[in-house]
Every structure is written in C-alpha cells, then in structure tokens.
Amino acid sequence: MDKTIKLVFQDGLEIEGKPFGAYTSTAGEVVFNTAMVGYNESLTDPSYKGQILVMTAPMIGNYGVPDDKAMIDSVEEWMESNQIQVKGLVISYYADDYSHWNAVQKLGAWLKSQNIPGVYGVDTRMIAKKLREQGSTLGKIVADTDVDFYNPNLDNLVAQVSCKEVIRYNEGADIRIVLVDCGVKNNIIRCLVSRGVEVIRVPWDYNYETLDYDGLFISNGPGDPALCVPTINHIGESLKGDKPIFGICLGNQLVSLAAGASTYKLKYGHRSHNQPVQLVGTKRCFITSQNHGYAVDDSKLPEGFTTFFTNLNDGTCEGIRHESKPIFTVQFHPEAMGGSIDTEYLFDEFIEEVKKYKSANA
Ligand SMILES: N[C@@H](CCC(=O)O)C(=O)O
C-alpha cells in the first residue's frame, strides 16, 4: 500500500496527503504563500525558519531545482541561503518531472537530501482560507511517528540563522555598508554588492560601532522581532547618529522598535509576490514581494518618524522614515527573489544617501 502522511492542526483538523521529500515528522507554525513562482527562493529564505509552508500555486516542482552549491561572489548563485529553511512543505499537485534550463534535480529529491518532509495532494486553497479565517496556527506533519506541536515564535530563531562571524564582500570599495545579518536573503547582498559598495556582514548581536563604516543596513529574518534585544539596543545607539540607515522586513521592525514604536502579530501575515503598497503622500502604488507575520503599529510612531508606505489591501504599515535624517525602512522586500522588482530603486536611494553622508563627512 502507498504510504500516506498527515498535516495536523492544533485545533484537531487532520488532512491526509501523499508524501514526497523525506518521510519524517515535523512541527512548526503553518503559514501560506500565494505566489505563483519562486519555490526555491522561498524554501531557502531564512525568514521561514520554524515554519511549515503551504504554497497555494496549483503545481509545484515543474521547473525543478537549480544547483544549490553553485556560488557567485561568495553567495549561492540560485538560492537565498545555504540550506532549506522551512520545516516542511505542503502543496497541491507535485510535478516530479521537471523541465528548466538551470534545473539539476527534482524538488522531492532536494527536500529528501536535507531531511525535509513534503505533503502533496491536499487542498491548499482550503488551508489558506482556514488560516485567513482563524489566523496563523501551529501544526505538524506526521509521517511514521507523532511529534509535539512546536511554536517557533518563542525561540530566538535569528541567532540560529545569522552568520557566526564577520564576512566581507567586495572588500576595498570606497563605500562601506555594515549589514546586520538577522537571517539575510542572498539577494540583499547581491543588490548591495552590485552597486559597488563593500558589504561588512556582521552577526545579529555584533557591536558594529567598533567598525569603520558609512551606512547601516538591517536585514530580514525569522520570528518575533521583540526577541532581538541586542540588535534593537545597537540600532538605538545608531539612531542617535547621522549615518544613513535602511532596513528590510525584520529590519523595518527592529528599527521601529529601537525608535520606540511597537510591533504586533498580524492575523495571518502577508506572503506573496503581489502585495500592493502606496507611497504615503503620493498616488503611487508599487507591487511588492512579501513574507512576514508581524507588523509595525504606525498609529503612534515616535516623534520624528512618519509612515513611508501603506499596504493597500489591509491598510497596515509597510515602512517608516525619519522626517529629517536619511533613515528609512520597508516591510516588503525590494530585493524580491522571487517577485516583482518595482521597489529595487530603494537600494539606489540608500547608496546615494550614503555617498552624500560620506562626502559631507570626508
Ligand atoms: N519575522 C518577521 C520578519 C520577516 C522577514 O524579515 O522576512 C515577521 O514574520 O514579520
């Protein structure tokens, strides 16, 4: 008889599916992503640490998996980090046969090689509707043995995915950017390096004020932002100075917390590549790539800060900026990967601000 595998929710709902990837049990927070493409990028995005990812695109696996070991300029060429970060993957139709010019293996084989279970043959749109109505919930994938539910948001996931030592890219360039790695996606490094700057990637709790640098970047990352106390304290010190600061996703939340704002958990988060955001004060809308469960409460921002972008679906805060200093942060992902690149220009604006700062302080 063919093996089966179950997705079990905390409220008792059990959904039986077919296994692919590793035949093993796991637990985490169940989240859904409605993007039509980008499963390789999502699976390796460190912000998904501790989560069981439900992808609602009807067919997954059809374009295979590229070489996850291939490197360009010291970062994985095709992936967003050096390993699969999700705890498990749940999809509707699994395409075991793949066809794409850069694919080297099947999705199922790749999951198996990293001991990550997959469930297919389930109604992922029903699961998305359930999570939208009830909110994010814990769940588990049960193969041969049962496991306990696990809440990743109680753990310091950032410490697990951050680099352990300082890494420099494009060393010797004129402009030096400190990148606080809370679980950085590789495309953020690519977006900075391709603009000709040196990137000094430091661990999440590193005291970067000991370094010689011109601009500060705070990365994306997993879990509850309020747990990143050392990072928040370091950013608090930086906010007193004049160096340009740019933060993405968790970076937006950490800069906001350091400034004195608060964060809260959204009912089910934003995870897709078609989230519309409005640049406050204009009628300009950008389509953005997103992956987050928490948000900044902009109903009471600290003095000097104002809302940068607003989500046009639910009105939530999509970033803040300082009224007089070159400090701005966004909840969405301007580096995309996969997703729309409408807002990649924010990297250019950041580097321009850093250049201005550097020449004014030369
Ligand atoms: N972990 C945070 C940030 C996600 C990210 O940086 O991608 C959240 O879920 O809201």
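From a predicted model like this one, the values you see are computed outputs, not experimental measurements. Residue indices follow the written sequence of each chain, beginning from 1 at its first position. Selection of residues for local features in this predicted model requires a pLDDT of at least 70, selection of side-chain atom pairs for listing and counting requires 80 or more, and totals for whole chains, interfaces and linings are taken over all residues. Side-chain measures were taken over the full set of non-hydrogen atoms in the model, leaving aside hydrogen atoms and water.

Draft legend 1. Quick look at the packing of helix α5 (residues 186–193) against helix α8 (residues 345–360). In the contact formed by α5 and α8, the axes pass within 10 Å of each other and the chain directions differ by 50 degrees. Accordingly, the angle class assigned to the pair α5 and α8 is oblique. By crossing handedness, the relation of α5 to α8 is classed as right-handed. Note on element contacts: α8 touches α5 through Phe-347, Phe-350 and Ile-351, opposite Ile-188, Cys-191 and Leu-192. For helices, the fitted line uses only the C-alpha atoms of the stretch in contact; every axis is such a line through C-alpha atoms, and the angle between N-to-C directions lies from 0 to 180 degrees. Secondary structure elements are defined from DSSP: runs of H or I of at least 4 residues count as helices, runs of E of at least 2 residues count as strands, and each element is numbered from the N terminus. Put simply, angles under 35 degrees are roughly parallel, angles over 145 are roughly antiparallel, angles from 65 to 115 are roughly perpendicular, and the rest are oblique. Rotating anticlockwise by less than a right angle from the far helix to the near helix defines a left-handed crossing, while the corresponding clockwise rotation defines a right-handed one. We call two residues in contact when some of their heavy atoms are within 4.5 Å.

Draft legend 2. Representation of the packing of aromatic side chains within the structure. In this scheme Phe, Tyr and Trp rings, the latter by its six-membered ring, pair at centre separations within 6.5 Å, and the angle between planes marks the pair as stacked below 30 degrees, edge-to-face above 60, and tilted otherwise. Applying the stated rule across the entire model yields 17 aromatic pairs. With a centroid separation of 6.4 Å and 15 degrees between ring planes, the pair formed by Phe-217 and Phe-347 is classed as stacked. With Phe-217 in strand β17 (residues 215–218) and Phe-347 in helix α8, the pair connects residues that are 130 residues apart, well separated along the chain. Three labels apply to residues, based on accessible area from a 1.4 Å probe with only protein chains included: buried if under 20% of the type maximum, exposed if over 50%, partly exposed otherwise in between. Residue class for Phe-217 comes out buried when judged on its relative accessible area of 0%. Pairwise contacts between aromatic rings join Phe-217, Phe-246, Phe-286, Phe-308, Phe-309, Phe-328, Phe-332, Tyr-345, Phe-347 and Phe-350 into one cluster. When the NZ atom of lysine or the CZ atom of arginine is within 6 Å of a ring's centre and also within 35 degrees of its normal, the charge is said to sit over that ring. Taking the ring centre of Phe-149 as reference, the NZ or CZ of Lys-140 above it sits at 4.4 Å.

Draft legend 3. Representation of the site of the ligand in the model. Within the structure, the ligand sits among 13 residues, and Ser-47, Gly-223, Leu-250, Gly-293 and Tyr-294 are positioned closest to it. The term polar contact refers here to a pair of N or O atoms within 3.5 Å; inside protein, the definition further demands a hydrogen-donor-capable atom paired with an acceptor-capable atom, and it admits residues adjacent in sequence only when both atoms are side-chain atoms. Backbone polar atom of Leu-250 to an oxygen atom of the ligand: 2.8 Å apart, as the coordinates give it. In this structure, Asn-291 approaches the ligand through a main-chain N or O atom, which is 3.1 Å from an oxygen atom. All accessibility values rest on the Shrake-Rupley procedure with a 1.4 Å probe; residue burial counts only the protein chains present in the view. Relative to its unbound accessible area of 300 Å², the ligand is 97% covered by the protein chains. Of all elements in the fold, only α7 (250–259) and β20 (285–297) reach the threshold of two or more residues within the shell around the ligand. Throughout, the term near means that a residue has one or more heavy atoms lying within 4 Å of the molecule or strand in question.

Draft legend 4. View of the environment of Gln-134. Along the chain, the position of Gln-134 falls in helix α3 (residues 124–134). Taking the C-alpha atoms as reference points, Gln-134 and His-100, 34 residues apart in sequence, are found 38 Å from one another. For Gln-134, the residues in contact, after removing those within four places along its chain, are Asp-11 and Lys-267.

Draft legend 5. Here's a closer look at the sheet that holds strand β19 (residues 262–279). At least two bridges found by DSSP between two strands is the condition for calling them paired. Strands sit in the order β20-β19-β22 across an open sheet of three strands; the sheet is antiparallel. Single-partner strands in this sheet number two, and they are β20 and β22 (309–311). Recorded for the sheet is a direction-independent mean angle of 45 degrees between the axes of neighbouring strands. As defined by bridge partners, β19 adjoins β22 across three bridges and the pair is classed as antiparallel. Note that in β22 the partner of Leu-279 across the bridge is Phe-309.

Draft legend 6. Spotlight on unusual backbone geometry. Omega for the peptide link from Met-337 to Gly-338 comes to -5 degrees, which places this bond in the cis form. Among the structural elements, Gly-338 can be located in the loop between β24 (327–330) and α8. One non-glycine residue, Asp-73, lies in positive phi territory at about 50 degrees. Examined against the element boundaries, Asp-73 turns out to sit in the loop between β7 (71–72) and β8 (75–76).

Draft legend 7. The arrangement of the pairing of strand β4 (residues 51–55) in detail. In terms of residue burial, β4 counts as a mostly covered element, since five of its five residues are buried. In β4, alternate side chains face the same way, and those of Gln-51, Leu-53 and Met-55 on one face and Ile-52 and Val-54 on the other are all buried. Direction of pairing for strand β3 (residues 26–33) relative to β4: parallel, over a ladder of five bridges. Note on β4: the bridge partner recorded for Val-30 is Ile-52. Where β4 meets strand β9 (residues 88–90), three bridges bridge the pair, whose relative direction is parallel. Counterpart to Ile-52 in the pairing with β9 is Gly-88.

Draft legend 8. Representation of the sheet that holds strand β1 (residues 5–9) in the model. Pairing within the closed barrel is mixed, and its seven strands lie in the order β1-β2-β12-β9-β4-β3-β13. When strand polarity is set aside, the average angle formed by the axes of neighbouring strands in this sheet is 35 degrees. Bridge analysis of β9 against strand β12 (residues 117–120) gives two bridges, and the strand direction is parallel. Paired with Leu-89 across the bridge in β12 is Gly-118. Contacting β1, β2 (14–21), β3, β4, β9 and β13 (137–142), α3 runs over the sheet at an angle of about 90 degrees to β3.

Draft legend 9. Spotlight on the side chain of Ser-256. Take Ser-256: it is sitting in helix α7. Of the residues examined, Ser-256 reaches a relative accessible area of 0% and is grouped as buried. When neighbours within four sequence positions are excluded, Ser-256 is seen to be in contact with Ala-261, Val-296 and Ile-320.

Draft legend 10. Representation of the nonpolar core. Counting residues in each nonpolar core, the largest one holds 30 residues, and the members touching the most others are Leu-192, Phe-217, Phe-246 and Phe-309. In this view, Phe-217 contacts Ile-177, Val-178, Leu-179, Val-180, Ile-188, Leu-192, Phe-246, Ile-248 and Phe-347; residues no more than four positions away in its chain are not counted. Leu-239, Ala-258, Ile-320 and Ile-327 belong to the second-largest nonpolar core, a separate cluster that totals 29 residues. Note on terminology: a nonpolar core comprises buried Ala, Val, Leu, Ile, Met, Phe, Trp, Tyr and Cys residues joined through side-chain atoms within 4.5 Å.

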